[in-house]
Amino acid sequence: MGRILVRIAYHQSRNRWVGKYRIDGKIVSVQLCTEDELVVTGGPNTKRNTSRRNSVLEHLYEKKRPEPKPINQYQQLVQQFLRMKEATTSYQTYKKYLYTLSQLSDISVDSINQFIVRTKQRGCSDATVDSELRHISHFTKWYAEQLQTRPITMKNFFIRPTEKTISSYSLEQIEIWKNHLLSLNTDRGYLMHRAVMLMAYAGLRLGEVNSIHWNDIELDKQRLWIRDNPFNRVKNRKETDLPLAKPLYDYLKNCQDQEGYLLKRHWTQKGYLSRSFAREEAKLGITGIKPCHGFRAFYSTHMLNSGKGLIKVQQLMRHSSSKTTEKYYDKKNQELSEAQDCFE
């Protein structure tokens, strides 16, 4: 029956027999029946015999117990998807998926439109609505794969433009950043300069930069490892190693403090580091570029515009799809005439 009887007792103030059961590891109290119902069902001498009394009470409980609601296929797939996300993403990301999918009754146009209306009524911004719609979009693609059907087109639901260009710093702006941070002449400035080197010349994400340890760097092999650690979980749980670009290798080789965390855990959370960069960017007067992602975008854009292969850049950026990597290519710098050099 999925439950274990703990005890049954008469509750005077309620005038009811109450049973305590252990259901799925939790103690649950259940109001079984009144005194009169017990006598009518089991007879006047039922209370004298404990086993007889409990048997009658159990019988009454079974008659009154509501049938559990069956879990439909959609709910089963939602639970399966959430278990996968819990195992492959950070706890914060898992909680976001959990909350978003709990607001949907099914995957349909009406259900998604109702979700958007409720989210706006909560006072959420367009950016927040689109962020939660991206979670739904990821689920709908996975959901369609499981059922072998075509997914719902989510593009029409987004409030803001989905085909957005990714802005990156130029090489000159990277040099401006490095010189500015060194000119601060503080420990904070030196550590932010180190973070710029890791993001701009290895394409590390902000959480990875804030938690990378010197043990993750093999200078003799010129490799850098991306691993799970107590302060950061690798995206999609894919631990890997990357080659060190020459500017980054020369910088790390000349560092004197080659022990502990590279940023000394100066910022306990990546959000604090992001705000530090935002403040310094405002001082430099640079606008239109995300402070930290702009360095990672530089790493990708610089390689693509230099003619490096898309698949190689995708592997270095650790993108799951080459379509994501394509967004970093600056088409303004495209020289069509160069494509015909092979015929000369």
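Procedures and definitions
- Residues numbered from 1 in each chain as written.
- Predicted model: local features only at pLDDT ≥ 70, side-chain atom pairs only at ≥ 80, totals over all residues.
- Heavy atoms only, no water.
- Helix = DSSP H or I, 4+ residues; strand = E, 2+ residues; numbered from the N terminus.
- Contact = heavy atoms within 4.5 Å.
- Areas by Shrake-Rupley, 256 points an atom, 1.4 Å probe, with all protein chains shown as cover.
- Pairing = 2+ DSSP bridges.
- Expected span 1.5 Å × (residues − 1).
- Buried < 20%, exposed > 50% of the residue type's maximum accessible area, 1.4 Å probe, protein only.
- Core = buried A, V, L, I, M, F, W, Y, C linked by side-chain atoms within 4.5 Å.
- Polar contact = N/O pair within 3.5 Å; in protein donor to acceptor, adjacent residues only side chain to side chain.
- Phe/Tyr/Trp six-rings, centres within 6.5 Å; stacked < 30°, edge-to-face > 60°.
- Salt bridge = Lys/Arg side-chain N within 4 Å of Asp/Glu carboxyl O.

To continue, consider the overall build of the protein. Scanning the protein from N- to C-terminus turns up 14 helices and 6 strands. In the protein, once contacts between residues fewer than 6 apart in sequence are set aside, the share between residues at least 24 apart is 55%. By element, 49% of the accessible surface of the protein is carried by carbon and sulfur atoms, the whole surface being about 21,200 Å².

Our focus in this paragraph is the sheet that holds strand S6 (residues 240-243). Read from one edge to the other, the open sheet built from 3 strands follows the order S4-S5-S6, with strand pairing classed as antiparallel. The sheet terminates laterally at strand S4 (217-218) and S6, the two strands that pair on one side only. Taken together, the 4 bridges between strand S5 (residues 223-226) and S6 define a ladder with antiparallel strand orientation. Counterpart to Ile 226 in the pairing with S6 is Thr 240.

In this model helix H8 (residues 187-202) runs 22 Å from its N-terminal to its C-terminal C-alpha over 16 residues, within 8% of the 22 Å that 1.5 Å per residue would give. Burial within H8 is extensive, with 13 of its 16 residues counted as buried. Gly 203, located one to two residues past H8, shows a positive phi value of around 70°.

Bringing the nonpolar core into the picture now. Considering soluble globular proteins, one finds that nonpolar side chains tend to be buried as a cluster. Membership of the largest hydrophobic core comes to 41 residues, with the highest contact counts inside it found for Leu 204, Leu 248, Leu 252, Phe 277 and Phe 295. Of all the secondary structure elements, the ones that give two or more residues to this core are helix H7 (171-183), H8, helix H9 (206-211), S5, helix H10 (246-253), helix H11 (270-284) and helix H12 (293-305). It is H8 that provides the largest number of residues to this core, a total of 10 residues. With sequence-adjacent residues up to four places away left out, Phe 277 is seen in contact with Trp 177, Leu 181, Met 192, Ala 195, Val 196, Met 199, Pro 291, Cys 292 and Phe 295. Ranked by size, the runner-up nonpolar core spans 23 residues in total, among them Phe 81, Tyr 94, Ile 116 and Ile 136.

Now for the side chain of Thr 140. Structurally, Thr 140 is set in helix H6 (residues 126-147). Among the residues examined, Thr 140 registers a relative accessible area of 2% and is labelled buried. Within polar-contact distance, the side chain of Thr 140 engages the backbone oxygen of Ser 137 at 2.7 Å. When sequence neighbours within four positions are dropped, the list of residues in contact with Thr 140 reads Ile 107, Pro 151 and Met 154.

Our next topic: the packing of aromatic side chains. If you walk through the whole model with that rule in mind, you get 13 aromatic pairs. Ring centres of Tyr 74 and Phe 139 lie 6.1 Å apart, and the angle between their planes is 80°; on these two criteria the pair is classed as edge-to-face. Here Phe 139 lies in helix H6 and Tyr 74 lies in helix H3 (residues 73-88), a separation of 65 residues in the sequence. Considered together, Tyr 74 and Phe 139 belong to a single accessibility category, that of buried residues. For the ring pair Tyr 74 and Tyr 143, a centre distance of 5.9 Å and an interplane angle of 75° mean the geometry is edge-to-face.

The next thing to look at is the pattern of salt bridges. Applying the stated criterion across every chain, the model contains 11 salt bridges. In this structure, Glu 132 engages Arg 122 in a salt bridge whose closest nitrogen and oxygen atoms are separated by 3.7 Å. Note that Glu 132 is positioned in helix H6 and Arg 122 in the loop between helix H5 (109-121) and H6, a separation of 10 residues in sequence. For Glu 132, a relative accessible area of 9% corresponds to the buried category. Among the ionic pairs, Arg 318 bridges to Glu 208, the shortest N-O distance being 2.8 Å. In this pair, Arg 318 is assigned in the loop between helix H13 (310-317) and helix H14 (322-326) and Glu 208 in helix H9, connecting sequence segments 110 residues apart. Classification of Arg 318 by relative accessible area gives buried; the value is 17%. The class of Glu 208 is buried, set by a relative accessible area of 6%. Taken together, the salt bridges that share partners define one network made up of Arg 188, Glu 280 and Lys 283.

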